[in-house]
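Observations on the model geometry
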Amino acid sequence: MRKSELNETLPYLYEASVQGVDNDLDFAGRIYRRRHGRRPKRIREDFCGSALLASTWVRRRPANRAWGVDLHRPTLDWSRRHHVERLSRPEADRLELIEGDVRTARIPPVQVTFALNFSFCIFYTRDELREYFAAAREGLEDGGVLILDLYGGTEAVKEKEEPRAVDGFTTPEGVRVPPFTYVWDQDFYDVITHRCRNYIHFRIPGVGTIRRAHHYDWRLWTIPEVRELLAEAGFRSSEAYLHGWTDDGESDEVWRRRTSYENAEAWIAYLAGWR
Ligand SMILES: C[S@@+](CC[C@H](N)C(=O)[O-])C[C@H]1O[C@@H](n2cnc3c(N)ncnc32)[C@H](O)[C@@H]1O
């Protein structure tokens, strides 16, 4: 990869480092099918960014439709150039990217809405978060589900940098990205407000270090707060799904519905709100 190719390639590095859209889609499909005895077809990806999840969904089955909502036009344009371009015509016809605010975007009701990678943590107050949840509920069919994720644990509130090796890959445009390091940087956390500031840095051999490629100014919500606000926004019920552990103490990537969980150093949960 040449330095001149970095800007256009950066979203692929983000996707390879932090996203697991097949897991997300499988998880939602599993809990939806368990409840309704049929697969969901229409999904919405809030805070869609590069809309990897929405574009993967329309590729999976001919009956699938997806909508992606994001405020940031340059990212949606990147998605159109890289993901939508690579879909077949019928697949692209079943995907719509909407430039707008997740609280006001109007699209036909869906069966599953995803708001992932902790994106809802940009809402800092209970009123703001409840308003988003109420809008998300409005955008669901009866029986539909809002899927959120959240991180926590005793390490989640520590200021620290965590490097992780990511395998190299070749982009669909033929740019070869070498194995690189993704760094999750928890820079700041405030006990009184639960506000935190996190960064993502990339170290790419032959290209250099991209410091603060992404930055996040969030409120780190807790599971009970989120579930209470889902209820206040009118969701009929909510569930928390947390993973188990491998022998090495890593996530086993198997999310089970739980009502109690050990106080681990670092966990990731899916939260499901049912309309
Ligand atoms: C953390 S990224 C999530 C990207 C991707 N969906 C993922 O799961 O990794 C957050 C995205 O939310 C968008 N965003 C922030 N506030 C928003 C709002 N109120 N309405 C719509 N999009 C918003 C940003 O432009 C950014 O692309």
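The rules behind the values
- Residues numbered from 1 in each chain as written.
- Predicted model: local features only at pLDDT ≥ 70, side-chain atom pairs only at ≥ 80, totals over all residues.
- Heavy atoms only, no water.
- Phe/Tyr/Trp six-rings, centres within 6.5 Å; stacked < 30°, edge-to-face > 60°.
- Helix = DSSP H or I, 4+ residues; strand = E, 2+ residues; numbered from the N terminus.
- Buried < 20%, exposed > 50% of the residue type's maximum accessible area, 1.4 Å probe, protein only.
- Pairing = 2+ DSSP bridges.
- Axes fitted to C-alpha atoms, helices over the stretch in contact; angles between N-to-C directions.
- Contact = heavy atoms within 4.5 Å.
- Salt bridge = Lys/Arg side-chain N within 4 Å of Asp/Glu carboxyl O.

Within an unreviewed UniProt entry, the label attached to the chain reads Class I SAM-dependent methyltransferase, and the organism entered is Kiritimatiella glycovorans.

**Here we look at the packing of aromatic side chains**
In this description, a pair of aromatic rings is defined by centroid distance and the angle of the planes. Within the structure shown, the criterion is met by 19 aromatic pairs. Ring plane angle 80 degrees and centroid distance 4.9 Å describe the contact between Phe 27 and Tyr 241, whose orientation is recorded as edge-to-face. With Phe 27 in helix 2 (residues 21–36) and Tyr 241 in strand 12 (residues 237–245), this residue pair connects regions lying 214 residues apart in the sequence. You'll find Phe 27 and Tyr 241 in the same group, each marked buried.

**Some details on the sheet that holds strand 11 (residues 208–219)**
Taken in spatial order, the four strands line up as 6-9-10-11 in an open sheet, and their pairing is antiparallel. Since the sheet does not close on itself, it has two edges, and those belong to strand 6 (160–166) and strand 11, each with one partner. The average angle at which neighbouring strand axes cross in this sheet is 20 degrees, direction not considered. Bridge analysis of strand 9 (residues 180–189) against strand 10 (residues 195–204) gives eight bridges, and the strand direction is antiparallel. By the bridge assignment for strand 10, Tyr 189 is matched with Cys 196. The strands that helix 1 (residues 6–18) touches are strand 6, strand 9, strand 10 and strand 11; relative to strand 10, the one it contacts most, it runs at about 115 degrees.

**Some remarks on the pattern of salt bridges**
Summed over the entire model, instances satisfying the criterion amount to 25 salt bridges. Among the ionic pairs, Arg 80 bridges to Asp 77, the shortest N-O distance being 3.2 Å. Of this pair, Arg 80 and Asp 77 both sit in helix 4 (residues 73–82), three residues apart, which is roughly one turn of the helix. For Arg 80, a relative accessible area of 34% puts it in the partly exposed group. Here Asp 127 ties to Arg 130 by a salt bridge, and the two come within 2.9 Å at their closest N and O atoms. Here the residue Asp 127 and the residue Arg 130 both occupy positions in helix 6 (residues 126–138), the gap between them amounting to three residues, near one helical turn. Assessed through its relative accessible area of 24%, Arg 130 is described here as partly exposed. Here the salt bridges do not stand alone but share partners, grouping Arg 126, Asp 127, Arg 130 and Glu 232 into one network.

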